[in-house]
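Coordinate analysis (summary)
The chain contents come next:
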Amino acid sequence: MSARGGIDLGGTKIQAVVVDDKHEVLGDSRRPTPHEGGPQDVADAMAETVRDAAKAAGLEPGALAGIGVGSPGAVDDGAGTVTSARNLPGWEGSFDLATSLSSALGPIVRLGNDVQVATDAEFALGAAKDSSSLLGVFWGTGVGGGLVLDGEPWLGRGAAGEIGHMVVRRGGAHCTCGRRGCMEAYAGRAAMEITARHKHEDGAKTDLFKIMEKRGRDRLTSGIWARALKREDKLATSLIERAVRALGAGVASAVNLLDVETVVIGGGMG
Ligand SMILES: [Zn+2]
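Residues numbered from 1 in each chain as written. Predicted model: local features only at pLDDT ≥ 70, side-chain atom pairs only at ≥ 80, totals over all residues. Heavy atoms only, no water.

**A closer look at the domain arrangement of the protein**
Threshold: Domain start and end points were adopted from an automatic or database domain assignment. Only heavy atoms enter the contact rule, under which two residues are in contact if any of them lie within 4.5 Å. The quantity reported as buried area is the accessible area (1.4 Å probe) lost by two parts once they are put together, taken as the sum for both. Should a side-chain nitrogen of Lys or Arg be within 4 Å of a carboxyl oxygen of Asp or Glu, the pair is scored as a salt bridge. Under this definition, polar contacts are N or O atom pairs within 3.5 Å; protein pairs additionally need one hydrogen-donor-capable and one acceptor-capable atom, and for neighbouring residues in sequence, both atoms have to be side-chain atoms. Here the nonpolar group is Ala, Val, Leu, Ile, Met, Phe, Trp, Tyr, Cys and Pro; Asp, Glu, Lys and Arg are the charged ones; every other residue, Gly included, is treated as polar.
The domain boundaries assigned to the protein delineate domain 1 (4-118) and domain 2 (129-266). Placing a centre on the C-alpha atoms of domain 1 and another on those of domain 2 gives a separation of 25 Å. Contacts between domain 1 and domain 2 engage 6 residues on the former and 9 residues on the latter. Between domain 1 and domain 2, roughly 600 Å² of surface is buried when both sides are summed, and carbon and sulfur atoms account for 56% of that area. Our count for the domain 1 to domain 2 interface comes out at 0 salt bridges. Our enumeration of links across domain 1 and domain 2 arrives at 1 residue pair in polar contact (both at pLDDT 80 or more). Its residues placed into classes, the side of domain 1 that touches domain 2 shows 2 nonpolar, 4 polar and no charged.

**Focus: the environment of Thr176**
Selection rule: Helix and strand definitions here come from DSSP, where helices need a minimum of 4 consecutive H or I residues and strands a minimum of 2 consecutive E residues; each element is numbered from the N-terminal end.
Residue position: Thr176 is located in the loop between strand S11 (152-153) and helix H4 (183-187). With 34 residues separating them in the primary sequence, Thr176 and Gly142 have C-alpha atoms 9.6 Å apart.

**A closer look at the coordination of the zinc ion**
Tetrahedral coordination by four donors places them ideally at 109.5 degrees to one another around the metal; octahedral coordination by six donors ideally gives 90 or 180 degrees. Which entries qualify depends on this criterion: Metal donors: N, O and S atoms at distances within 2.8 Å, or within 3.2 Å for Na, K and Ca, with water omitted from the atom set so that some sites may seem incomplete. A four-donor site is classed as tetrahedral when every donor-metal-donor angle falls between 85 and 135 degrees; four donors are called square planar, and six octahedral, when trans pairs exceed 155 degrees and all remaining angles lie between 65 and 115, with any other arrangement labelled irregular.
The protein atoms that coordinate the zinc ion are His165 (ND1), Cys175 (SG), Cys177 (SG) and Cys182 (SG), at distances spanning 2.0 to 2.4 Å. If you look at the zinc ion, its 4 donor atoms make angles of 105 to 119° with each other, and the shape they trace is tetrahedral. Read in sequence order, the donor residues coordinating the zinc ion give the pattern H-x9-C-x1-C-x4-C.

**With respect to the packing of helix H7 (residues 222-230) against helix H8 (residues 234-258)**
Selection criterion: Angles shown run from 0 to 180 degrees and are taken between the N-to-C directions of axes, each axis being a line fitted to C-alpha atoms and, for helices, limited to the stretch in contact. Take the far helix as your reference; a near helix turned counterclockwise from it by less than a right angle gives a left-handed crossing, and one turned clockwise gives a right-handed crossing.
One can describe the packing of H7 onto H8 by two numbers: an axis separation of 8 Å at closest approach and a directional angle of 115°. Taken as a pair, H7 and H8 cross one another with a handedness that is left-handed. Touching Trp225, Ala228 and Leu229 of H7 are Ala236, Thr237, Leu239 and Ile240, all from H8. Here the residues of the contact of H7 with H8 sort into 6 nonpolar, 1 polar and no charged.

**A word on the environment of Leu239**
The line we're drawing: For every residue, the accessible area obtained with a 1.4 Å probe (protein chains only) is divided by the maximum for its type, and the residue is called buried under 20%, exposed over 50%, and partly exposed between those limits.
Here Leu239 lies in helix H8. Among the residues examined, Leu239 registers a relative accessible area of 3% and is labelled buried. Sequence spacing of Leu239 and Ala187 is 52 residues, and the spatial spacing of their C-alpha atoms is 8.4 Å. Here Leu239 is in contact with Met192, Thr195, Ala196 and Trp225, once residues within four sequence places are set aside.

**Points about the nonpolar core**
Where we set the bar: For this analysis, a nonpolar core means a set of buried residues of the types Ala, Val, Leu, Ile, Met, Phe, Trp, Tyr and Cys, connected via side-chain atoms within 4.5 Å.
Grouped together as the largest cluster of nonpolar side chains are 33 residues, with contacts concentrated most on Leu135, Val143, Ile163, Ala196, Leu208, Leu220 and Trp225. With 9 residues, H8 is the largest single contributor of residues to this core. Residue contacts for Leu135: discarding those within four places in its chain leaves Gly146, Leu147, Ile163, Val251, Ala254, Val260, Thr262, Val263 and Val264. Ile14, Val18, Leu64 and Val109 belong to the second-largest nonpolar core, a separate cluster that totals 28 residues.

Here you go:
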């Protein structure tokens, strides 16, 4: 048996798994992503998470055949670096993540962009494994997308799949990218939270922030949105419906253009 490790590096949490050669999960572990410090602190937390997952699988990390990482930011697998991972602490520049993890844990480390590796996984093993083309939409803090066309990942010149920045309303809400009316400005968890805060300050009733405090969080995680929906919270319901309409408009436009066989919607909010 050859066991391998995988790490999903997110702005909120780090999740690690150890799988066997049939992709069965042998052990897993998660911990919060450090909010302070810099890339080395994040890399140390990633290494610890892999050690815990390996322990749960009854293995030493050094026994793994390799470790794959899905990371936000600009990922260069050849150089082993991640650059401008802006929702991670102090990570504006370039950091040699592959060398750092590999010297801490032993095995070789390969890096990929989080959205693209998630799309590849859905295509190889998941909901699109019998399809020849796929649009993956990952609905979380922002809205990311990945494409597989005719069995091959489509990266464009490196930036394809940015479905979150498709305009769904001309002259609409401000987006973090500086433009207006992007899908992400309505559907991204971060944008939804800003809108919820403004509406709450303007007097709209909602339990969203009460639930957040009760759970000791400092932002509206997808779990908090789920809880508010269950309680039929009016503001939460209307913002989620607005997000779904924006997603629907963007995804439908993308399908009109590309005519993909399968669309997978995932991510924390998905
Ligand atoms: Zn945008």
